[in-house]
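Residues per chain are reported as follows:
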Amino acid sequence: MTHVEDELNSQPACWIRAAEEAGRHRAALPDPGERVAVVGCGTSYFMAQAVAALREGSGRGETDAFAASEFPAGRSYDRVVALTRSGTTTEVLQLLGELKGRTRTTAVTADPGTPVTKAADDLVVLDYADERSVVQTRFATTALTLLRAHLGLHTGAAVTDARTALTSPLPQGLVECTQFTFLGRGWTVGLANEAGLKMREASLSWTEAYPAMEYRHGPISITTAGTATWMFGEAPDGLAEQVCATGGLWVGSGLDPLAELVRAQRLAVAVAASRGLDPDRPRHLTRSVILAP
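Remember, it's a predicted structure, so these values are computed and weren't measured experimentally. (Residues numbered from 1 in each chain as written. Predicted model: local features only at pLDDT ≥ 70, side-chain atom pairs only at ≥ 80, totals over all residues. Heavy atoms only, no water.)

A. Geometry of the overall build of the chain. Check the secondary structure of the chain and you find ten helices and nine strands. For the chain, the C-alpha radius of gyration of 18 Å lies close to 19 Å, the compact-globule estimate for 293 residues. Seen along its three principal axes, the alpha-carbon backbone of the chain occupies a region of about 55 × 40 × 40 Å. Across the 293 residues that make up the chain, the buried fraction comes to 56%. Residue pairs at least 24 apart in sequence account for 72% of intrachain contacts in the chain once pairs closer than 6 positions are excluded. By element, 51% of the accessible surface of the chain is carried by carbon and sulfur atoms, the whole surface being about 12,100 Å². (Helix = DSSP H or I, 4+ residues; strand = E, 2+ residues; numbered from the N terminus. Rg over C-alpha atoms; globule rule 2.2 N^0.38 Å. Buried < 20%, exposed > 50% of the residue type's maximum accessible area, 1.4 Å probe, protein only. Contact = heavy atoms within 4.5 Å. Areas by Shrake-Rupley, 256 points an atom, 1.4 Å probe, with all protein chains shown as cover.)

In structure tokens:
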């Protein structure tokens, strides 16, 4: 078993712990009504997209998401939350340094022995969700679970669905597809983006991701036999039928969308195995991007 397989299989236990500990981290996380930005790089940026949509959609306050390198310096926020598994990513550390003394910052990290502990004002450590694999799985979903629980939006059904996602067979013919498109709505757009990234990192697959209603505005033209379109959450009316009419494979789900991401992680590993690739050693990637001065 690869490290990434072992880590993705541990997600239900990690989610349970994160939900149980959410109350303990309340003071480090945004209060209702605060104007908040959530930032990250790579996987953490896509989790930030999901968090921002969940928080604002639930009426807790205006919330934006940015890649750390693209944070708009001229905007004012009550708090900036940085998601960083390694605690060493250059763009995140630079941004936290720039915000020091003028905007309250919180870092959610897996490693308390890294520079981010001094760069942020408040710290949430999820060391039990740290990973050996370069490819992120459990840290990302555990951080999102913590923040869902903080918002009062996590339920035990997500954990039950994650267990189902880990044990149920993948749809027939999915591993053999040559192109994958992931779709979302609201907070699940971030999950769709992350599913596409997992497929690219682990299996070198051709993948795309879009807000579901945008799929008809051009991207559906590439759908044909041998391609898969995977929906996170409830699909727009008629979209499944339109995709099936192209000859492409439609993948829907009744699972919690975060559990559906676990199923997509499994697909990435399965496709990597079918192509003779090692998902623990993705091409050209390292655990953290640390740029030379």
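We are not done yet, so read on.
B. Local environment of the sheet that holds strand E4 (residues 104-109). Spatial ordering of the open sheet is given by E2-E1-E3-E4-E5, a layout of five strands whose pairing is parallel. Single-partner strands in this sheet number two, and they are strand E2 (63-67) and strand E5 (122-125). Direction aside, the axes of adjacent strands within the sheet are offset by 20° on average. Of the strand pairs in this sheet, strand E3 (residues 79-84) and E4 are connected by six bridges, and their pairing is parallel. In the sheet register, Val 81 faces E4, and the bridge partner there is Thr 106. Where helix H3 (residues 43-57) meets the sheet, it contacts strand E1 (36-40), E2 and E3, and its direction lies at approximately 170° from that of E2. (Pairing = 2+ DSSP bridges. Axes fitted to C-alpha atoms, helices over the stretch in contact; angles between N-to-C directions.)

C. Molecular detail of the pattern of salt bridges. Using the criterion set out here, one finds 14 salt bridges in the structure. Note that Glu 21 and Arg 17 form a salt bridge whose closest N and O atoms lie 2.9 Å from each other. Note that Glu 21 and Arg 17 are positioned in helix H2 (residues 11-21) at a spacing of four residues, about one turn of the helix. Residue classification places Glu 21 among the buried positions, given a relative accessible area of 14%. Arg 17 gets classed as partly exposed once you look at its relative accessible area, which sits at 36%. (Salt bridge = Lys/Arg side-chain N within 4 Å of Asp/Glu carboxyl O.)

D. Representation of the sheet that holds strand E9 (residues 249-251). With parallel pairing, the four strands of this open sheet are ordered in space as E7-E6-E8-E9. Two strands in the sheet have a free side with no partner beyond their single neighbour: strand E7 (206-211) and E9. Direction aside, the axes of adjacent strands within the sheet are offset by 20° on average. Of the pairings in the sheet, the one linking strand E6 (residues 179-184) to E7 comprises six bridges and is parallel in character. What sits directly across from Thr 181, in E7, is Glu 208. Each of E6 and E7 touches helix H8 (residues 188-203); the most contacted strand, E6, lies at about 160° to it.

E. Examining helix H7 (residues 156-167) more closely. With twelve residues, H7 should cover 16 Å at 1.5 Å per step; its first-to-last C-alpha distance of 17 Å lies within 8% of that length. Considered for burial, the residues of H7 that qualify are Ala 158, Val 159, Asp 161, Ala 162, Ala 165 and Leu 166. With its buried residues spanning 165° around the axis, H7 presents them on a single face. In H7, the exposed residues that point more than 90 degrees away from the buried face are Gly 156 and Thr 167. Residues of H7 that are buried make contact with helix H1 (3-9), H2, helix H6 (138-150) and helix H10 (257-274). (Expected span 1.5 Å × (residues − 1). Arc of directions from axis to C-beta.)

F. Spotlight on the packing of H3 against H6. In the contact formed by H3 and H6, the axes pass within 10 Å of each other and the chain directions differ by 20°. In terms of axis orientation, H3 runs roughly parallel to H6. Crossing of H3 against H6: the hand is right-handed. Residues Thr 43, Met 47, Ala 50, Val 51 and Leu 54 of H3 lie in contact with H6, whose contacting residues are Ala 140, Leu 144, Leu 147 and Arg 148. Partitioning the contact of H3 with H6 into residue classes produces seven nonpolar, one polar and one charged. (Parallel < 35°, antiparallel > 145°, perpendicular 65-115°, else oblique. Left-handed = near helix turned anticlockwise from the far one by under 90°. Nonpolar A, V, L, I, M, F, W, Y, C, P; charged D, E, K, R; others polar.)

G. Structural detail: the state of the cysteines. In this structure the tally under the stated criterion is zero disulfides. For the unlinked cysteine Cys 244, the closest cysteine sulfur is that of Cys 177, found at 12 Å. (Disulfide = S-S within 2.5 Å.)

H. Highlighting the packing of H6 against H10. In contact at an axis separation of 11 Å, H6 and H10 are set at 180° when each is read in the N-to-C sense. The angle between H6 and H10 places the two elements in the roughly antiparallel class. Only Leu 258, Leu 261 and Gln 265 of H10 make contact with H6, whose side of the interface consists of Thr 141, Leu 144, Thr 145 and Arg 148. Considering only residue class, the contact of H6 with H10 consists of three nonpolar, three polar and one charged.

I. Here's a closer look at the nonpolar core. The biggest cluster of nonpolar side chains holds 61 residues, and the ones touching the most others in it are Leu 126, Leu 144, Phe 180, Phe 182, Leu 191 and Phe 232. Tallying contributions element by element places H10 first for this core, with nine residues. Dropping the residues within four chain positions of it, Phe 232 is found in contact with Phe 182, Leu 183, Gly 184, Arg 185, Thr 188, Leu 191, Ala 192, Ala 195, Pro 257, Glu 260, Leu 261 and Ala 264. Ala 37, Tyr 77, Leu 95 and Ala 107 belong to the second largest nonpolar core, which has 16 residues in total. (Core = buried A, V, L, I, M, F, W, Y, C linked by side-chain atoms within 4.5 Å.)

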